[in-house]
Amino acid sequence: KAKAIGKNNIQFFSLDMKQTMIRKHLIERKLRAALKDQKFTLNYQLQVDLSTGKTRAIEALIRWFDKDLGIIEPSEFIPIAEETGLIVQIGEWIFENACRQGALWNANCYPDVLISINVSSIQLKQSNFSEMVKRILKETGLEPSHLELEITEGVLADSFEKIRSILEGLRSIGVKISMDDFGTGYASLNYLKNLPLNTLKIDKSFIKNMDEDSVEKDITGSIVSLVHKLNLEVVAEGVETKSQLDYLKSCKCDNVQGYLFGRPVPAERVQDLMTNVSCMLLDRWIN
Ligand code: C2E
Ligand code: MG
Ligand code: MG
Ligand code: MG
C-alpha cells in the first residue's frame, strides 16, 4: 500500500501544470460524487495522557478510497475541497459522523474521552458554523465539553476578531479549542494569548527532528514550558519512537499522539489500540 502511494506522489509531482489541472478537476468531480454516495470514512487516532496512560482524546481523520484512483490522501483532496467550497458539506458530514461516534463511546465505554475534529478555516468562517455545530451536538447527544475543535494557524491570516468571537461563542457552551500544527504557521504569541484556546498541538516536524538534533529537542522542551505558562494543555504530534516519548515525558509534555501508539484506525479497532497503549506504557515505566 505504501509503495502504491509513493508511486502516485512521484507521478503527481512530475506532471506538468496542465496534467495537474486535469487531476484537480478529476478529483473535484470525484469529490462531489463521493459526497453524494457517502464514500468517505473516518479513522481515529489516540491522544494519550502521559501522566495516566489513558486516552484523553480521539482524533477523527477523514479517509477516501476511490475505485479508480485508489487511496487519495487528505493532504491532496482537502485543499481541493477548500478551493471548491465542498469542504463545507464534507465538513458537516465529518461532524455528524464523528460526533455520533464520540457520543457512542462516551455512553458505552469511555465516559471522559474527548472527540477531536479538524476544522478547515473555510468551514469555520461560514456564517452558520456555530449553528451547525450546536445542531449536531443536539442531534447526536454529544456533550459540548467532549468536543474539541482542531484549528490551524491559517485561520488567523485574516479576520482575527471574527474568528475569535465564533470560537468564544462555542467555548461558552463548553466546546474545547485546540491549535493544531503549532510552529508551522504565523500564530504570534499575541494570537495565542487572545484566542480562547484549551490545547496546543506541537507540529510533528519538531518531533521528527528531535532524535538527531539536540537543538530541536531544546525547542520542543521550550514550547512545552511556554504552553504551560499560557495555561494550556500540550499535545505532541507525530511521536514515532520510544526515545521521543521518553524525552517528551521528561520535559512534562502532557499528551502524545503518533504512530508509536498506532496509525489511525476505523472506530471498531480503537479498543484494541487502547489496550496496546496501556500495555506499552506499563511496560515502559512500571517495570
Ligand atoms: P493533522 O490534523 O495534523 O493530522 C495529523 C496527521 O498526521 C494525520 O495525517 C495522521 O495520520 C498523521 N500522523 C499521525 N501520527 C503520525 C506519526 O507518528 N508520524 C507521521 N509522519 N504522521 C503521523 P492525515 O490523516 O493524512 O491528515 C493530514 C492532514 O489533513 C491533517 O493534519 C489535517 O490537517 C487534514 N485532515 C485530515 N482529516 C481531516 C478532516 O476530517 N477534516 C479536515 N478539515 N482536515 C482533515
Ligand atoms: Mg489535527
Ligand atoms: Mg497536526
Ligand atoms: Mg496538518
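Residues numbered from 1 in each chain as written. Chains lettered and ligands numbered in written order. Predicted model: local features only at pLDDT ≥ 70, side-chain atom pairs only at ≥ 80, totals over all residues. Heavy atoms only, no water.

Remarks on the coordination of the magnesium ion (ligand 2)
Then comes step 1: At this site the magnesium ion (ligand 2) is bound by E59 (OE), N118 (OD1), E150 (OE) and D180 (OD), with donor distances of 2.0 to 2.2 Å.
Then comes step 2: Each donor residue of the magnesium ion (ligand 2) belongs to the same chain, and together they define the spacing E-x58-N-x31-E-x29-D.
Then comes step 3: The distance between the magnesium ion (ligand 2) and the magnesium ion (ligand 3) comes to 4.3 Å, with D180 serving as a donor to both metals. Taken together, the residues span a long stretch of sequence, with E59 in strand β2 (residues 55-66) and N118 in strand β4 (residues 114-118) at a distance of 59 residues.
Then comes step 4: Judged by its relative accessible area of 28%, N118 falls in the partly exposed class. (Donors = N, O, S within 2.8 Å, 3.2 Å for Na, K, Ca; no water. Helix = DSSP H or I, 4+ residues; strand = E, 2+ residues; numbered from the N terminus. Buried < 20%, exposed > 50% of the residue type's maximum accessible area, 1.4 Å probe, protein only.)

Concerning the site of ligand 1
Then comes step 1: Close contacts around ligand 1 come from 21 residues, with R63, N118, D180, E240 and Y259 the closest.
Then comes step 2: Take I62: an N or O atom from its main chain is 3.1 Å from a nitrogen atom of ligand 1.
Then comes step 3: Contacts to ligand 1 include D180, whose side-chain N or O atom sits 2.8 Å from an oxygen atom.
Then comes step 4: Those elements that provide at least two residues to the shell around ligand 1 are β2, α3 (74-83) and β6 (176-182).
Then comes step 5: Top contributing element to the shell around ligand 1 by residue count: β2, with four residues.
Then comes step 6: Tallied by class, the residues present in the shell around ligand 1 amount to eight nonpolar, five polar and eight charged. (Near = heavy atom within 4 Å. Polar contact = N/O pair within 3.5 Å; in protein donor to acceptor, adjacent residues only side chain to side chain. Nonpolar A, V, L, I, M, F, W, Y, C, P; charged D, E, K, R; others polar.)

Comments concerning the packing of helix α2 (residues 17-36) against α3
Then comes step 1: At a minimum axis separation of 10 Å, α2 and α3 run at an interaxial angle of 80°. Here α2 is positioned roughly perpendicular relative to α3, judged by the angle of their axes. For the pair α2 and α3, contact is made by R23, K24, I27, E28 and L31 and by E76, F77, I80, A81 and E83, respectively.
Then comes step 2: The residue inventory of the contact of α2 with α3, partitioned by class, reads five nonpolar, no polar and five charged. (Axes fitted to C-alpha atoms, helices over the stretch in contact; angles between N-to-C directions. Parallel < 35°, antiparallel > 145°, perpendicular 65-115°, else oblique. Contact = heavy atoms within 4.5 Å.)

Re the nonpolar core
Then comes step 1: In terms of nonpolar packing, the biggest core is built from 86 residues, with L31, F40, Y44, F95, F129 and L147 touching the most fellow members.
Then comes step 2: Counting residues per element, this core draws most heavily on helix α4 (residues 87-108), which supplies nine residues.
Then comes step 3: Leaving out residues up to four positions away in the same chain, F40 has contacts with L31, A34, L35, I62, R63, W64, F77, I90 and W93. (Core = buried A, V, L, I, M, F, W, Y, C linked by side-chain atoms within 4.5 Å.)

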